[in-house]
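# Architecture at a glance
Listed below, chain by chain, are the residues.
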Amino acid sequence: MPSADAELLRVRARRLRRLGAQLASRPLDGVLRRAGDDTWRGPLAERWRHEVAAAQLRLADAGDELVRQAIVLERRADELELLARRVAT
Amino acid sequence: MTVLGYDLGLLDVLRRHVERCAGELGGLRCTDPVAVTAMATVELVRRRLAGEWLDDVVHVISHDPLGGRAVAGGRHHPGLPDWATPELPDLDARMATFVELTADRLRVQGELVWDHANPQLHLQLVVIDSLIRSHVAAYVCAARSAGVGVLRLVRRLRWTDPMAAALVLRHLGPDEIDDRAFATAAVRILQIWHDGGERGERFGDWYAGGDNTADVLFRALADRPGAATEFLRRADPGELFLSAQHDDLVARLLLIGTSPERVDEATAGEILRPILEWLPEHPIPGSLDGVTRSAAALVAAAVSPWLPALGPRAGRWGWSWEEGDAALRWLLTDDAALHAMVAASDGWRERVGTVAFLGEDGRLDDTVVRELAATLAQVQLALHDHEIADAEADALMAELALGAAGAAISVAAPGAWGLAAKVGKPLLTPLALRALDRWGLIVSPERARADARSRFGDRSVDAAVIALTGLVAAAIERGNLPPDSLDRLGEALGGVAPERGELGEHDGGCRPRAVGDRLHAFVAEVGPRTDAATHHALLAVLYAFGNPTSDALLCS
């Protein structure tokens, strides 16, 4: 039976994964798709698209980081469960 | 903040997505300590989305720097090239359609040159024009639905074949595009047509036969008087006279665009003065297609209502009397132009008939009469100097004299003629007409042309006699002069009329001077028998038509 601490870590990890997945799913894609040359063009449009695309990458990075943190939490949860089983045996 | 092109409808879609996305990011929640950095990133992106990035989009939408207000109001966005335009796929597709239809039209036009009575070819033209009109209407409808301005299409016309652009532009009505934008587009299209293709080569309509780009544009402009005026203000005279294949289109455009019914004197000068300066320096080659061979005559007709601006009112057109007089003489020495001025003199007299003779202070303004009298003298002097003494010149002088006399009567005794007077015609009562007829002075344009020789040797004197007769007749009818006053005037003039009397020694053999003297004597005689206002009116007419320069020349 999993310990309460391990379970808590897994809950946190699931939340982080869910958020990480949201950020990594390129939430600004819809915006960028509608900001192409058909919509507007020129230096302002170029800079705007560049900045939004950069923000998209930062969100994706943040999402990846959340997934890594979730993995860390899951490993700690695994370790806690393994430790708990060893103690039980 | 520079944009070279955009679609307002798509920008609005983008705006909604930015707002939605900012809202979605704002809805993300995570209080886990390890997510602090990620959530800070999310918040930073959300703030930029809802802040500066959304502002950028909204700014373009709300200011529309390349759109209708900026162009129509003459305010150009700093740093924007005037050719900037979006390239909507839909618009490009439509433009390709327009170009294809234009090519078809030119092919049919070419076939009509050799087979002009072929009904099938005429039908094809109608069908093609109908298709173009339908496509334009479809675009306008779609643009309105999407909240996109039609000016986007107009700007795009500058990038396409000029004939296709002209065929599209003519289907955009006042609801879609105002006169100024319409005229600006027409000028630009015509300039591109003149410049030629990338290597200066002529466009297809040059070789096709039938209407060319200028013909299509001029016809469309003539149907929109406001746009015609705006076009003429912007177009170079060379572009106007070295373009269309049909002189009548240029004539319509000029007459409509400078009509006294629609434009003021300054605007007419803005259009006609550059033309009058350009034409004498640039003789129109008569052997080429696409030139206005009768340019001088067309301009003469357009100038006729504004004749005083070539002399006494030259300042209103921003040039000197000498410059205006040179232009007048250039017109008078061109046979076709002189003929056109005679033909257009009805317009001149109508113009006189619409002049406001009451000043702002409510007093009668006799400036107009003096200016008309001066114009009459100016034309007479020019004709004399250039030894133009044919029937055409006499007819012109007769028309001008009648108009000037009518104006003089209007000023001196406004309202005296009531319903009997027709606007633009000499305002003479039946009593005055009978007297003038008795003395052989012509009062109708028809008779003037048939028998246009001056009665008293000088048209200014003729005009003075007509005006004075009209005034005396009106004063008699009002009871301000004795009933026999016209008879006395007739007796005074009878002594110097060609068929009734010889000139006395005291007249020096100069009939105009003799008649002038008799008129002054008559006015001096009736002065004590009338009221002060009538006496002053009679004197005003005499002084207005006093013309010592031409009088001296004619009698020398």
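Our structure's up above, just so we're on the same page.
Residues numbered from 1 in each chain as written. Chains lettered and ligands numbered in written order. Predicted model: local features only at pLDDT ≥ 70, side-chain atom pairs only at ≥ 80, totals over all residues. Heavy atoms only, no water.

## Examining the overall build of chain B
As a reminder of what qualifies: The numbering of helices and of strands both runs from the N terminus, where a helix is a DSSP run of H or I of at least 4 residues and a strand a run of E of at least 2. Exposure categories follow from relative accessible area, calculated using a 1.4 Å probe and restricted to protein chains: below 20% of the type maximum is buried, above 50% is exposed, and the middle band is partly exposed. We call two residues contacting when some pair of their heavy atoms lies within 4.5 Å. Only the protein chains shown count as cover for residues, and all accessible areas are computed by the Shrake-Rupley method using a 1.4 Å probe.
Looking only at helices and strands, chain B features 27 helices and 1 strand. Per-residue burial over chain B gives 53% buried out of 556 residues. In chain B, the share of contacts with a sequence separation of at least 24, taken over all contacts with a separation of at least 6, comes to 73%. For chain B, the accessible area works out to roughly 24,200 Å², and carbon and sulfur atoms hold 53% of it.

## Considerations on the interface of chain A and chain B
Test applied: Using a 1.4 Å probe, buried area is obtained as the accessible area two parts lose upon being combined, added over both of them. The salt bridge definition used is simple: a Lys or Arg side-chain nitrogen within 4 Å of an Asp or Glu carboxyl oxygen. When residue character is reported, Ala, Val, Leu, Ile, Met, Phe, Trp, Tyr, Cys and Pro are called nonpolar, Asp, Glu, Lys and Arg charged, and the others, Gly included, polar.
Across the contact, 29 residues belong to chain A and 37 residues belong to chain B. Summing the contributions of chain A and of chain B, the shared interface buries around 2,800 Å²; its carbon and sulfur component is 72%. In this structure, the connection of chain A to chain B is made through 3 salt bridges. The closest approach of N and O atoms between A:E51 and B:R48, which form a salt bridge, is 3.2 Å. Broken down by secondary-structure element, the contributors of at least two residues to the side of chain A that touches chain B are α1 (4–24), α2 (29–33), β1 (40–41) and α3 (43–88) of chain A. At 13 residues, α3(A) tops the list of elements feeding residues into the side of chain A that touches chain B. Class assignment of the residues belonging to the side of chain A that touches chain B gives a composition of 17 nonpolar, 5 polar and 7 charged.

## Remarks on the packing of aromatic side chains
Residues and elements named next belong to chain B. What counts here: Note on aromatic pairs: the rings of Phe, Tyr and Trp (six-membered ring only in Trp) are paired at centre separations within 6.5 Å, and the planes decide the class, stacked below 30 degrees, edge-to-face beyond 60, tilted for the rest. Working rule: Lys NZ or Arg CZ, within 6 Å of ring centre, within 35 degrees of ring normal, means a charge sits over the ring.
Tallying each qualifying case throughout the model produces 5 aromatic pairs over all chains. Over the face of the ring belonging to W206 we find R202, whose NZ or CZ atom lies 3.7 Å from the ring centre. The ring of F182 has R224 sitting right over it, with the charged end atom 4.4 Å from the ring centre.

## Points about helix α16 (residues 321–332) of chain B
Formally: In this analysis, the expected span of each helix is defined as 1.5 Å times one less than the number of residues it contains.
Counted at 1.5 Å a residue, the expected span for α16(B) with its 12 residues is 16 Å, and the 16 Å between its end C-alpha atoms agrees. Among all positions in α16(B), only B:G324, B:D325, B:A327, B:L328, B:R329, B:L331 and B:L332 are buried.

## Brief notes about the nonpolar core
The nonpolar side chains of a soluble globular protein tend to be buried with one another. Quick reminder of the rule: Residue types Ala, Val, Leu, Ile, Met, Phe, Trp, Tyr and Cys, when buried and joined through side-chain atoms within 4.5 Å, form a set referred to as a nonpolar core.
If you look at the biggest cluster of nonpolar residues, it comprises 105 residues, and the most contacted ones within it are B:L169, B:F218, B:F231, B:L240, B:F241, B:L254 and B:L332. Not counting residues up to four positions away in its chain, the partners in contact with B:F218 are B:L190, B:F231, B:E239, B:L240, B:S243, B:A244, B:L249, B:V250 and B:L253. With 42 residues, the next largest nonpolar core counts A:V52, A:A55, B:L28 and B:A35 among its residues.

## Remarks on the environment of B:R15
Residues and elements named next belong to chain B. Spelled out, the test is: Residues adjacent in sequence count toward polar contacts only when both atoms are side-chain atoms; beyond that, a polar contact is any pair of N or O atoms within 3.5 Å, and within protein one must be able to donate a hydrogen and the other to accept it.
For R15, the location among the structural elements is in helix α1 (residues 8–26). Along the backbone, R15 and L54 are 39 residues apart, and their C-alpha atoms lie at a distance of 6.5 Å. Apart from residues no more than four positions distant in its own chain, R15 is found in contact with L54, V57, V58 and I61. For R15, the side chain forms a polar contact with the side chain of D12, separated by 2.7 Å.

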